[in-house]
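# Inside the fold
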Number of protein chains: 4
Amino acid sequence: MPQDLMRFSVAMPEELLMRFDELVARRGLAKNRSEVVRDLVREALVEDECATPGRIVMGTLTIVYDHHAADLQDKLHSIQHDFFENIVSTLHVHLDAHSCLEVIVLKGETGLVQGVANKILGTKGVKTGRLVLTTTGEHI
Amino acid sequence: MPQDLMRFSVAMPEELLMRFDELVARRGLAKNRSEVVRDLVREALVEDECATPGRIVMGTLTIVYDHHAADLQDKLHSIQHDFFENIVSTLHVHLDAHSCLEVIVLKGETGLVQGVANKILGTKGVKTGRLVLTTTGEHI
Amino acid sequence: MPQDLMRFSVAMPEELLMRFDELVARRGLAKNRSEVVRDLVREALVEDECATPGRIVMGTLTIVYDHHAADLQDKLHSIQHDFFENIVSTLHVHLDAHSCLEVIVLKGETGLVQGVANKILGTKGVKTGRLVLTTTGEHI
Amino acid sequence: MPQDLMRFSVAMPEELLMRFDELVARRGLAKNRSEVVRDLVREALVEDECATPGRIVMGTLTIVYDHHAADLQDKLHSIQHDFFENIVSTLHVHLDAHSCLEVIVLKGETGLVQGVANKILGTKGVKTGRLVLTTTGEHI
């Protein structure tokens, strides 16, 4: 699993390189130029991947809902069971006497993950929510 | 907790209303105009809230990392313990032999949540990640 | 062209309505609840429209480039002539001795507009750029 | 103005390098690894710059409005004259019998550019709009 590292050289105008070095510094103490280039490449690959229909991606859907809303938890459970193959795991936080935050981790084809997320977001009583897509980590 | 509902009337050109009704239909079977207006208002409020320094918000940070990277888990744990007051909970998924997905739920002032997220994203070995901010659910 | 206004009523919990009224106030002095609901509905419709393949949309592509880069202006002109049916107009600003900002207004099917934008963004010498999609204004 | 090019070497696992080369290919025929690394670095710098209060940035605000709305053009002109120092130029497109698209190029401190944009977006009759921030092109 420690893969062979390949090397290539990058040419950059002096001024851009100076500003890049400031960016490297802002990104954290332990990081060097190579590391930040790899980060930027991975970000671009993940963005492309998540925009491509047919790719298998991970999604995390963060929703806030009122747990007093009639039948809401039943409905959310029933959606999650309908798509149990795409729902990896769920994390629940009690925000206050009324509100819950739930993070639902999804896995599947881009369009399917978005479809399941929309079904959940469209459920009456879900106050707000947002889906983030990311990579399954393969080849990255 | 079932709050008093207030009513107000909205005027809309006929064509826009027709397109709104299509949007209501797309947002889910059980939803009506009132419900979708409330959704849109909440989305706008949450967006404003998350862009305002000083507000207490929830954050979910999704990261993908290689669990073979030297000391990475120790470093991630140590950051999380430094900010234990802002880290509510963590969900972990084993993606494959190398990669892990972790969702870290944060709570705190907008800038602080972003700062902690950047510290985690800046750790060597974290391959990619994204932060989503949302509401604590109060008054929404 | 002054269309008939239709009316419908919206129910909202008192607390949410108070926060909505603050939002209305922030959106500008002359705006009232109806106006802001229409804004939010239009934003949601435009977002949906721009995410739907096959729809005719407007795009504005903002690029920054170095006008000393060899042949760059020739290449940009040649792309724009290849797609003259989709390129409505162009605005040019001289930023300093080296850099130019150009805004290119595009019209066409979502995917085509994105394709033309990517071609321009992929031209050697274009330093950075961003595409924004919006509505053609019909039925909105 | 042809600046001295500096060189540095980047280490990358073989698999990631293969996927990076696919990305380089997708970004346009004439591009090589160095060029795409510079693009990614510039994108990251521009994003940071635009998120930093106090920086001088360029903005392009794209709005769609109904030119029959009472006094709208007068109001838009009056805002633009109030901030004439920050409004570089304007491009106008007649979309159909009712709708206009206008692109307003702004220059100034991040917060000021956003403030002027919000004033314009908050004007009654502006149907929808979006602001994009980018660099002035210096040191990039």
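Superposing chain A onto chain D takes a rotation of 180 degrees combined with a translation of 0.0 Å along the rotation axis, leaving an RMSD of 0.0 Å. What the superposition gives is, in effect, a two-fold axis relating one chain to the other. Rotation axis and chain A: the residue whose C-alpha lies nearest the axis is A:Ser9, separated from it by 2.0 Å. Taken together, the interface assignments show that 100% of the residues at the interface of chain A recur at the interface of chain D, consistent with an identical surface on both copies.

Taken together, the side chains of A:Asp4, A:Glu138, B:Asp96, D:Glu14 and D:Glu15 make up a negatively charged region of the molecular surface. Relative to the helices and strands, D:Glu15 resides in helix H1 (residues 14-26).

The next subject is the pairing of strand S2 (residues 56-66) of chain C. All names here are of chain C. With respect to burial, S2 is a largely interior element, 10 of its 11 residues being buried. As paired elements, S2 and strand S5 (residues 126-134) share 8 bridges and run antiparallel to each other. Within the sheet, the bridge partner assigned to Leu 61 lies in S5 and is Leu 131.

Attention shifts here to the interface of chain A and chain D. Interface size is commonly expressed as the accessible surface area that is lost when the partners come together. On the side of chain D, 35 residues touch chain A, which itself brings 35 residues to the contact. In total, chain A and chain D occlude about 4,000 Å² of area from one another, counting both sides; carbon and sulfur atoms represent 61% of this. Joining chain A to chain D, the criterion identifies 4 salt bridges. With its nearest N and O atoms 2.8 Å apart, the salt bridge here joins D:Arg26 to A:Asp48. If you list the elements that add at least two residues to the side of chain A that touches chain D, you get strand S1 (5-13), helix H1 (14-26) and helix H2 (33-51) of chain A. Element by element, the count of residues in the side of chain A that touches chain D is highest for H2(A), at 11 residues. Counted by class, the side of chain A that touches chain D contains 17 nonpolar, 4 polar and 14 charged residues.

Reading the values: rules and limits
- Residues numbered from 1 in each chain as written.
- Chains lettered and ligands numbered in written order.
- Predicted model: local features only at pLDDT ≥ 70, side-chain atom pairs only at ≥ 80, totals over all residues.
- Heavy atoms only, no water.
- Least-squares fit on C-alpha atoms with pLDDT ≥ 70 in both.
- Contact = heavy atoms within 4.5 Å.
- Patch = residues over 30% accessible without salt bridge, like charges linked within 9 Å, V, L, I, M, F, W, Y side chains within 5 Å.
- Areas by Shrake-Rupley, 256 points an atom, 1.4 Å probe, with all protein chains shown as cover.
- Salt bridge = Lys/Arg side-chain N within 4 Å of Asp/Glu carboxyl O.
- Lys, Arg positive; Asp, Glu negative; His and termini not counted.
- Charge placed at Lys NZ, Arg CZ, Asp CG, Glu CD.
- Helix = DSSP H or I, 4+ residues; strand = E, 2+ residues; numbered from the N terminus.
- Buried < 20%, exposed > 50% of the residue type's maximum accessible area, 1.4 Å probe, protein only.
- Pairing = 2+ DSSP bridges.
- Buried area = accessible area lost by both parts, 1.4 Å probe.
- Nonpolar A, V, L, I, M, F, W, Y, C, P; charged D, E, K, R; others polar.

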